[in-house]
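# Structure assessment
Residue-level listing of the chains:
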Amino acid sequence: MTPSAPDEPGTGADRPISRKNLLRAAVAAGAAVPLLATGTVALARDAGTQGRDLAPTPFCDDGDDPTIPQMEGPYFKPNSPLRGNLVTPGTPGTPLTVSGYVFGRNCVPLSGVLLDFWQADNAGAYDNVGYTFRGHQFTDASGAFSLRTIVPGLYPGRTRHIHVKAQAPGEPVLTTQLYFPGEPRNNTDTIYDPALLMNVRDVGGGKEATFDFVLDVEGDPTDPPTDPPTDPPGGSWAPGRPYAAGDRVTYGGAGYRCLQAHTSMAGWEPPNVPALWRRE
């Protein structure tokens, strides 16, 4: 079935976006974005936007609200299959991988979060009989997710978008949509909200996108802290050192606990990166 009308009207296009002073300053200064143990960027808006004024995806502990909700639209179907790959052999369309992390509002990555994705196919049609381009998955122990799909096609009244429902165990469901930068229809879609833009780059014959969700729940670190603090030589945090979730360091006379495994680098000292360190 090919949609013939917008999902539903909305007013997100005029929503103001707060600036993330830390990330913006770091990018302007040419600082590298920290990598997680998996080799992916820690924040959704990665180094691909260097040199531009950033309005990155809201992330925890910087004065922003959690990821904003949007309407479900008429094409959601429950009971989607458990899978992270929505593409079958011969599927037409531009390959797309969407990856990122799910955080609680206190900046702790959330494991076991249900993410249910659905979208239009390359021609802009939703499968309302079967489950083509529909599937759900759960975040891993580090709060990470990865989805293999294609760039969704266009249909009347909407810009390109991917629907998603996110639910931490025992918590309310967040229903929202993800958008693509640079789409001409972003300016005319009444539902579109720039706060939900993914960071997208071309890779070979496909695209890679990143987005970090922040749910309005309190997260708990899953790894016990190391005691005493795992200070490098000199008794403080240092760049170029691998840290594991739960590690504790001191910096500037204060103690910090690591929230995500990563290798430290200059410009991303603990007080500057709440997504990686929490002050104790």
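Residue numbers here run from 1 along each chain, matching the order of that chain's written sequence. Predicted model: local features are reported for residues with pLDDT of at least 70 only, side-chain atom pairs are reported and counted for 80 or more only, and whole-chain, interface and lining totals are derived from all residues. No hydrogens and no water enter the side-chain calculation; it runs on all heavy atoms of the structure.

As recorded in an unreviewed UniProt entry, the protein goes by the name Carbohydrate-binding protein, listed as coming from Streptomyces atrovirens. UniProt positions are given in the numbering used here, feature names are shortened, and annotations may be inferred rather than shown by experiment. Regarding the protein, the UniProt comment filed under Sequence similarities (unreviewed entry) reads as follows: "Belongs to the intradiol ring-cleavage dioxygenase family."

Another point: the overall build of the protein. The helix and strand labels rest on DSSP assignments: H or I over at least four residues marks a helix, E over at least two residues marks a strand, and numbering proceeds from the N terminus. Helix and strand counts for the protein come out as one helix and 14 strands. The buried share among the 280 residues of the protein stands at 48%. A contact between two residues is defined here by any heavy atoms of the two lying within 4.5 Å. Pairs at least 24 apart in sequence give 67% of the contacts found in the protein among residues at least 6 apart. For every accessible area listed, the method is Shrake-Rupley and the probe measures 1.4 Å; residues are considered covered only by the protein chains on display. Accessible surface, the protein as shown: approximately 12,400 Å² in total, 53% of it carbon and sulfur. In this scheme, a residue with accessible area under 20% of its type's maximum is buried, one over 50% is exposed, and one in between is partly exposed, where area comes from a 1.4 Å probe on protein chains only.

In terms of nonpolar packing, the biggest core is built from 33 residues, with Val 98, Val 102, Val 113, Leu 115, Met 198, Phe 213 and Leu 215 touching the most fellow members. Among the secondary structure elements, those contributing two or more residues to this core are β1 (95-104), β2 (114-118), β4 (144-150), β5 (161-167), β6 (174-179) and β9 (213-215). In this view, Leu 215 contacts Pro 66, Val 102, Phe 103, Gly 104, Arg 105, Leu 110, Val 113, Ala 166, Ala 168 and Leu 174; residues no more than four positions away in its chain are not counted. Counting residues in hydrophobic clusters, the runner-up holds 10 residues, among them Trp 237, Val 249, Tyr 256 and Val 273. Side-chain atoms within 4.5 Å link the members of a nonpolar core, which is a set of buried Ala, Val, Leu, Ile, Met, Phe, Trp, Tyr and Cys residues.

As a further point, take the packing of aromatic side chains. Two aromatic rings from Phe, Tyr or Trp, using only the six-membered ring of Trp, form a pair when their centres are within 6.5 Å; if the ring planes differ by under 30 degrees the pair is stacked, by over 60 it is edge-to-face, and anything between is tilted. One pass over the full model with this rule turns up 10 aromatic pairs. Geometrically, the ring pair formed by Phe 145 and Phe 213 is tilted, given 5.7 Å between the ring centres and 50° between the ring planes. Taken as a pair, Phe 145 in strand β4 and Phe 213 in strand β9 lie far apart in primary sequence, 68 residues in all. The exposure classification of Phe 145 matches that of Phe 213, with both residues buried. Its end group placed over the ring of Phe 76, Lys 165 keeps NZ or CZ at 4.8 Å from the ring centre. Here, a charge over a ring is recorded when the distance from Lys NZ or Arg CZ to the ring centre is within 6 Å and its angle to the ring normal is within 35 degrees.

To continue, consider the pairing of strand β7 (residues 199-203). Note on pairing: DSSP must find at least two bridges between two strands before they are called paired. Two strands pair when backbone bridges link them, and β7 and strand β8 (residues 206-210) are joined in this way by five bridges, in the antiparallel orientation. Following the sheet pairing, Arg 201 is matched in β8 by Glu 208. The antiparallel pairing of β7 with β8 creates a hairpin that spans two residues between the two strands, and Gly 204 there sits at a positive phi of about 60°.

As a further point, take the pairing of β2. Most of β2 is tucked away: four of the five residues are buried. Bridge count between β2 and strand β3 (residues 134-138): five bridges; the pairing is antiparallel. Paired with Trp 118 across the bridge in β3 is Arg 134.

Let us now look at the sheet that holds β3. With respect to topology, four strands assemble into an open sheet ordered β3-β2-β5-β6, the strand pairing being antiparallel. Of all strands in the sheet, those bounded by a partner on one side alone are β3 and β6. Shown here is a sheet whose adjacent strand axes are inclined to one another by a mean of 25°, direction ignored. Here an axis means a line fitted to C-alpha atoms, over the contact stretch when the element is a helix, while the angle between two N-to-C directions is reported on a 0 to 180 degree scale.

Turning to the pattern of salt bridges, a few remarks are in order. Salt bridges are identified by distance alone: a Lys or Arg side-chain nitrogen within 4 Å of an Asp or Glu carboxyl oxygen. Within this structure, the stated rule accounts for nine salt bridges. Its salt-bridge partner being Arg 160, residue Glu 183 comes within 3.1 Å of it at the nearest N-O pair. Placement of the pair is Glu 183 in the loop between β6 and β7 and Arg 160 in the loop between β4 and β5, with a sequence separation of 23 residues. Looking at Glu 183, the relative accessible area reads 18%, which means it is buried. The shortest N-O distance in the salt bridge between Glu 208 and Arg 201 comes to 3.0 Å. A single network of salt bridges, built from pairs that share partners, joins Arg 105, Asp 216 and Glu 218.

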